[in-house]
Amino acid sequence: KDGNVQFINNSAVKMLKLESSHVIGKNIHDVIHSPNIEKENCQILKAIKEGKTLTIRNDRFFTSKGEKIEIELRVTPINTGNKIVGAVLSFNSIE
């Protein structure tokens, strides 16, 4: 719910050139976005905090090597009752 990574699948690890052990517990914004994009302007974190589904058809993530990947993404909140307990971020390359 705070944007911290709890799980990352093997496809995402491979695409982003990461090691899962270096990602778990870190804020998703810090893992995938350029340092030039401030957290306050991150649509992913905003959707997670507000508990809203978000679809972006043209965004970019950055690999651990700084390489840009053009992606489309969807954030889906996970709710228990009226409480936001997390979210699922799914994405795929559109290059």
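What you see is a predicted model; the values in this text were computed from it and never measured.

Student: Describe the pairing of strand β1 (residues 54-62), naming the residues involved and giving the relevant values.
Tutor: By the bridge criterion, 7 bridges tie β1 to strand β2 (residues 68-80) in an arrangement that is antiparallel. Bridging across to β2, F62 finds its partner in K68. Turn length for the β1-β2 hairpin, with the two strands adjacent in sequence and antiparallel, is 5 residues, and the turn residue G66 shows positive phi of about 85°.

Student: An account of the pairing of β2 is requested, with residue identities and associated values reported.
Tutor: In the sheet, β2 pairs with strand β3 (residues 83-93) via 10 bridges, with the strands oriented antiparallel. Considered in β3, the bridge of I71 is made with S93. The loop that links β2 with its antiparallel partner β3 comprises 2 residues; one of these, G81, has a positive phi angle of about 65°.

Student: I'd love a proper account of the side chain of H29, names of residues and values included.
Tutor: Mapped onto the elements, H29 comes out in helix α2 (residues 28-32). The exposure class assigned to H29 is buried, which follows from its relative accessible area of 4%.

Rules behind the numbers
- Residues numbered from 1 in each chain as written.
- Predicted model: local features only at pLDDT ≥ 70, side-chain atom pairs only at ≥ 80, totals over all residues.
- Heavy atoms only, no water.
- Pairing = 2+ DSSP bridges.
- Helix = DSSP H or I, 4+ residues; strand = E, 2+ residues; numbered from the N terminus.
- Buried < 20%, exposed > 50% of the residue type's maximum accessible area, 1.4 Å probe, protein only.

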